[in-house]
Amino acid sequence: MKIMPTLDGGLRIDAEDKDDWRLLSGITGDAMSHDDKLSHRLGEFITDEAVMLDWLEYIVPELEDAFNAAVLHVTTAIASARVESGGGPGPLWITREEVFHWYSALNQARLAIEENHKFGPGEFIDPEQLPPARRSVFLRTQFYCAIQSMLLAQGMG
């Protein structure tokens with residue numbers, strides 16, 4: 001897989017095979033992998049009961065809609081690009097207008113992975129010391145972080 005910036009402030013991701021498409025499709029699975037919705041988990045930091053009730057009533061529905069819209073957008077973009085390429089080599093374009101959807105979906109995926117696997121600061125982890133299944137999950141978080149960094153530099157900078 002190759003990822004490069006575009007002149008319009010987006011990214012072009014060139015998937016080279018079905019494994020690349022599977023990795024990209026994992027964003028959706030990872031973003032939705034936690035039992036509790038992210039909007040509710042964010043509210044766990046609120047200690048005042050009245051504020052918590054307001055959070056649940058006024059903030060959670062809109063926040064949840066925005067989170068779901070971002071994941072749906074990314075899922076649809078990946079599926080469309082995969083179909084267009086026949087599941088083989090092909091480009092996936094992220095335009096400047098789509099950057100916030102992608103950043104949100106990748107962030108949701110990373111947060112869910114962290115809550116499910118408790119990796120902590122990645123700089124203290126040697127992937128070679130992890131069992132294969134955990135190594136795969138950890139490397140996905142690093143991949144998602146790299147894309148987010150590129151999105152920040154390109155479309156959000």
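Refer to the structure above for everything that follows.
To start, this report covers the structure provided alongside it. It should be emphasised that the depicted structure is a prediction, and the values quoted were computed from it without experimental measurement.

1. A look at the sheet that holds strand S3 (residues 90-94)
- Overall, antiparallel pairing links the three strands, which are arranged S1-S2-S3 in an open sheet. Looking along the sheet, the strands with just one partner apiece sit at the ends: strand S1 (2-5) and S3. Averaged over all neighbouring strand pairs, the angle between strand axes comes to 20 degrees, with direction disregarded.
- With five bridges connecting them, strand S2 (residues 11-15) and S3 associate as antiparallel partners.

2. Some remarks on unusual backbone geometry
- Even without glycine at this site, lysine 118 takes up a positive phi of about 55 degrees.
- Locating lysine 118 in the fold gives a position in the loop between helix H4 (99-117) and helix H5 (132-154).
- Since its relative accessible area comes to 60%, lysine 118 is described here as exposed.

3. Brief notes about H5
- Here H5 is 23 residues long and its end C-alpha atoms lie 33 Å apart, about the 33 Å a rise of 1.5 Å per residue gives.
- Within H5, burial applies to Val137, Phe138, Arg140, Thr141, Phe143, Tyr144, Ile147, Gln148 and Leu151.
- Elements in contact with the buried residues of H5: S1, S2, helix H1 (18-31), S3 and H4.

4. Re the packing of H1 against H5
- Two elements in contact, H1 and H5, have axes separated by 11 Å at closest approach and are oriented at 100 degrees. On the basis of their axis angle, the class for H1 and H5 is roughly perpendicular. Two secondary-structure elements touch here, H1 through Leu23, Leu24, Gly26, Ile27 and Asp30 and H5 through Arg140, Phe143 and Tyr144.

5. Regarding the nonpolar core
- Counting residues in each nonpolar core, the largest one holds 29 residues, and the members touching the most others are Ile27, Ile78, Leu92, Trp102 and Leu151.
- Only S2, H1, helix H3 (49-84), S3, H4 and H5 provide two or more residues apiece to this core.

6. Comments concerning the layout of surface pockets
- Roughly 190 Å³ of volume is contained in the largest pocket.
- Along the walls of the largest pocket sit Asn107, Arg110, Leu111, Glu114, Phe119, Gly120, Gly122, Phe138, Thr141, Gln142 and Cys145, which together make up its complete lining.
- Those elements that place two or more of their residues in the lining of the largest pocket are H4 and H5.
- Taken together, the residues of the lining of the largest pocket break down into four nonpolar, five polar and two charged.

7. A word on a negative patch on the surface
- Taken together, the side chains of Asp48, Glu49, Asp54 and Glu57 define an acidic patch exposed on the protein surface.
- Counting through the fold element by element, glutamate 57 comes out in helix H3.
- The exposure class of glutamate 57 is exposed, given its relative accessible area of 51%.

8. Points about the environment of isoleucine 27
- Positionally, isoleucine 27 belongs in helix H1.
- On the basis of relative accessible area, isoleucine 27 is assigned to the buried category, the value being 1%.
- Along the chain, isoleucine 27 and glycine 10 lie 17 residues apart, while their C-alpha atoms are 18 Å from each other.
- Filtering out sequence-adjacent residues up to four positions away, isoleucine 27 remains in contact with Val74, Ile78, Trp102, Ala105, Leu106, Ala109 and Tyr144.

Cut-offs applied
The numbering scheme is per chain: residues are counted from 1 as the chain's sequence reads. Where local features are concerned, this predicted model is filtered to residues with pLDDT of at least 70; where side-chain atom pairs are given and counted, the filter is 80 or more; whole-chain, interface and lining totals use all residues. To obtain the side-chain values, all non-hydrogen atoms of the structure were used and water was disregarded. In this scheme, strands are said to pair when DSSP sees at least two bridges between them. Segments assigned H or I by DSSP are reported as helices when at least four residues long, segments assigned E as strands when at least two residues long, and all are numbered from the N terminus. Note on geometry: axes are C-alpha line fits, over the in-contact stretch for helices, and angles between N-to-C directions span 0 to 180 degrees. Throughout this description, buried means an accessible area under 20% of the type-specific maximum (1.4 Å probe, protein chains only), exposed means over 50%, and partly exposed covers the range between. Given a helix with a known number of residues, its expected span is that number minus one, times 1.5 Å. Two residues qualify as a contact provided that any one of their heavy atoms is within 4.5 Å of a heavy atom in the partner residue. Each angle is binned into one of four classes, with values under 35 degrees roughly parallel, values over 145 roughly antiparallel, values of 65 to 115 roughly perpendicular, and all other values oblique. Among buried residues, those of type Ala, Val, Leu, Ile, Met, Phe, Trp, Tyr and Cys that are joined through side-chain atoms within 4.5 Å constitute a nonpolar core. Grid points spaced at 1 Å over the protein atoms alone were grouped into cavities, where a 1.4 Å probe fits but cannot get out, and pockets, open sets with protein on both sides within 12 Å along at least five of seven lines, with lining residues defined by an atom within 4 Å of a point. Grid points are joined across faces, edges and corners, and a volume is the space filled by probe spheres set on the points. Amino acids are sorted into nonpolar (Ala, Val, Leu, Ile, Met, Phe, Trp, Tyr, Cys and Pro), charged (Asp, Glu, Lys and Arg) and polar (every other residue, Gly among them). Note that patches include only residues with greater than 30% relative accessible area and no salt bridge, and the join distances are 9 Å for like charges and 5 Å for nonpolar side chains (Val, Leu, Ile, Met, Phe, Trp, Tyr). Method for areas: the Shrake-Rupley scheme with a 1.4 Å probe, in which residue coverage is limited to the protein chains shown. Here a salt bridge means any side-chain nitrogen of Lys or Arg lying within 4 Å of a carboxyl oxygen belonging to Asp or Glu. A positive count includes Lys and Arg, and a negative count includes Asp and Glu. His and the chain ends are not counted in either. Charge positions are represented by NZ for Lys, CZ for Arg, CG for Asp and CD for Glu.

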